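# Coordinate inspection notes
If you want the building blocks of each chain, they are given just below.
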Amino acid sequence: MTARPSVHRHDTALGIFCLCAGIGLFSIQDMILKLLSGNYPLSEAMVLRGLTAAPILALLGIWDGGLRTFFTPGTVAMLGRGVVMFLAYGAYYLALPALPLATTVALYFSAPLFITVLSVFMLKETVGWRRWLAVLAGFGGVIVMVRPGGSLFEWAALLSVLSGLAYGLSMIFARRLGQTETAVAMAFWGNFVFLVIAGLMAITMGDGRFAQGTHPSVAFLLRAWVWPTPQDAALMCGCGVIAALGLTLLTQAYRIADSNAVAPFEYSFMIWGVFWGWAFFGEWPDTIGWLGISIIVLAGLMVLWREKVNDLPPAFEQVSVPPLPPPDIDTLTEPQVDSAPRVA
């Protein structure tokens, strides 16, 4: 199947607006999930969110190119990518109950650093010394935030780092798939995988038989299903609507503007992470937290800048974000071809 033709990019300001709007929507999804994580299991939120998003994504795909959008030679590869995305966003969502929102988001933003490293080994790309220094500095910021061996160490921080690694791996796959597949198709099959795995989790763990311990991340994973209140059910279903709308906005952003121009604005997610954490949970990063956030953000921006100088696809060009990032922020890119949205 041949690559689809490039879309003319012409409106940078509107592209930046669409991206920031999409990122803002995905930040609301993270806030909702953190609010719900103390009373419901992750699988329940994923199933309700996925069921809501499925018909919306199906309609978007049919509108974009008909049923043939979904059934292509790359369908199996998109399903495989969906499994990696599930690991990325499952780990991200499990970190939310145990960590401040800003910390979870900042560690997730290690993804561009992992993408740079993985691109060397999997895509045989050449990385110059400046980007290597930025990557090393960024991982230094990750270590500062994780605080290994310290009294404030929280093992759930490793979940957020794992989400960045898995998300980076999924974006490497997306750089190849994005040449022939649409962002909506990748989001649709990713959402399908989420539904299947979340359904299996519900069947095996939904009765709470494995529920034990008091750690918030473990409880969010193993807690028994409960009948949600109308308000909470609406919030879970709302995550599906957010995912679909956020995908549309992010796809549009990368279609109408140059990806190197809009990609740095992905970091507006950090602003929302700090704001929602303060407004709803009384969280505020301490001095060490701000230091780690600053290092990670500056390192990520350096990577993006060097990619622009070398005319490479940005590490944040996404094809599908956090189903329930950044993240999904479930995340999202069609490298240099068409679109690069985040599908959470």
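In the block above lies the structure referred to throughout.
Attention in this report is confined to the structure presented alongside it. (Residues numbered from 1 in each chain as written. Predicted model: local features only at pLDDT ≥ 70, side-chain atom pairs only at ≥ 80, totals over all residues. Heavy atoms only, no water.)

### A look at the layout of surface pockets
Estimates place the volume of the largest pocket at around 270 Å³. Lining the largest pocket are 15 residues, and of these P100, T103, M145, R147 and D286 lie nearest its centre. Classifying every residue of the lining of the largest pocket gives 9 nonpolar, 2 polar and 4 charged. (1 Å grid on protein atoms, 1.4 Å probe; cavity = no way out; pocket = protein on both sides within 12 Å on 5 of 7 lines; lining within 4 Å. Points joined across faces, edges and corners; volume = space filled by probe spheres on them. Nonpolar A, V, L, I, M, F, W, Y, C, P; charged D, E, K, R; others polar.)

### A look at the side chain of T104
Structurally, the position occupied by T104 is in helix α4 (residues 101-108). T104 gets classed as buried once you look at its relative accessible area, which sits at 0%. Each residue touching T104, except ones within four places of it in the same chain, is listed here: Y92, A95, L96, L99 and S160. (Helix = DSSP H or I, 4+ residues; strand = E, 2+ residues; numbered from the N terminus. Buried < 20%, exposed > 50% of the residue type's maximum accessible area, 1.4 Å probe, protein only. Contact = heavy atoms within 4.5 Å.)

### Digging into the environment of V184
Along the chain, the position of V184 falls in helix α8 (residues 183-205). For V184, a relative accessible area of 9% gives the class buried. Along the backbone, V184 and T248 are 64 residues apart, and their C-alpha atoms lie at a distance of 8.4 Å. If near-sequence neighbours (up to four positions away) are discounted, V184 is found in contact with L57, L60, G61, F70 and L247.

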